[in-house]
Amino acid sequence: MDVNFLITAFFTLFVIIDPIGLTPLFVALTQGMSPQKRRAIGIRACFIAACILTAFSIFGEALLGFIGISMYAFRIAGGILLFLTALDMLFQRRTKRREDQAEEDEGHDPSVFPIAIPLIAGPGAIATMILLSGQTDGVLGYLSVLGVMLAVLAIMLALFFTGGVIEKALGRTGINVVSRLLGMLLAALSVQFVLDGLRGFGFAG
């Protein structure tokens with residue numbers, strides 16, 4: 001496997017899923033719960049999200065073929081979606097929307113909704129998994145993408161376990177700064193996705 005591809009895949013998924021930005025929301029959703037219950041919710045949410053993303057990485061491209069959408073067209077659409085996500089991160093609209101989604105289900109077990117869906121396995125993460133899987137050849141390449149996804153979710157779970165400490169260390173300002181830096185890099189990656197799709201149609205050199 002191309003090491004550069006794996007690095008790009010990891011960074012793209014890390015920015016889209018945004019473990020750093022989700023950690024304060026996880027802490028808020030599990031506020032007042034015991035450490036044992038908080039850990040159980042974190043494990044359950046990451047497991048459900050992993051199953052959803054794996055399913056879309058397996059069947060997503062076949063579904064696109066069934067409805068007559070080429071992978072190049074999906075790369076362009078996915079790139080545009082990632083660019084809009086990057087804009088949300090840069091202008092903090094994404095954080096506000098996630099907080100609103102979290103507040104809608106306050107008081108219930110948040111592991112499935114809103115943590116697993118749509119905060120972790122949202123449209124951006126699903127589109128990214130389909131795009132990355134479409135760029136690989138063979139079982140080894142596919143398993144490598146799954147490994148990258150599991151690595152990102154493992155980091156997220158570790159952050160969930162230490163969420164209270166991280167939130168106190170970074171503070172809200174620190175988390176906002178990190179999210180904006182990641183948003184800028186994601187914007188550049190999304191443009192690359194669009195260029196790859198245009199190149200497939202012969203519109204870019």
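Above: the structure in question.
Quick summary incoming for the structure in this document. (Residues numbered from 1 in each chain as written. Predicted model: local features only at pLDDT ≥ 70, side-chain atom pairs only at ≥ 80, totals over all residues. Heavy atoms only, no water.)

## Notes on the packing of aromatic side chains
A complete count under the given rule lists three aromatic pairs for this structure. On the basis of an interplanar angle of 25 degrees and a centroid distance of 5.9 Å, the ring pair of Phe10 and Phe14 is categorised as stacked. Of the two residues, Phe10 and Phe14 are both situated in helix α1 (residues 3-17); the distance of four residues between them amounts to about one turn of the helix. With a relative accessible area of 29%, Phe10 lands in the partly exposed category. A residue is classified by how much of its surface remains accessible, and Phe14, at 15% relative accessible area, is buried. Plain terms: the ring middles of Tyr72 and Phe201 are 5.9 Å apart, the flat faces sit at 65 degrees to each other, and that makes the pair edge-to-face. Placement of Tyr72 in helix α4 (residues 71-90) and of Phe201 in the segment after α9 (163-200) is noted, with a sequence separation of 129 residues between them. (Phe/Tyr/Trp six-rings, centres within 6.5 Å; stacked < 30°, edge-to-face > 60°. Helix = DSSP H or I, 4+ residues; strand = E, 2+ residues; numbered from the N terminus. Buried < 20%, exposed > 50% of the residue type's maximum accessible area, 1.4 Å probe, protein only.)

## Considerations on a nonpolar patch on the surface
Judged by side-chain polarity, Ile80, Phe83, Leu84, Val191 and Leu195 come together as a nonpolar surface patch covering roughly 400 Å² of accessible area. If you list the elements that add at least two residues to the nonpolar patch, you get α4 and α9. Looking at the nonpolar patch, the element that brings in the most residues is α4, giving three residues. A relative accessible area of 34% places Leu195 in the partly exposed class. (Patch = residues over 30% accessible without salt bridge, like charges linked within 9 Å, V, L, I, M, F, W, Y side chains within 5 Å. Areas by Shrake-Rupley, 256 points an atom, 1.4 Å probe, with all protein chains shown as cover. Salt bridge = Lys/Arg side-chain N within 4 Å of Asp/Glu carboxyl O.)

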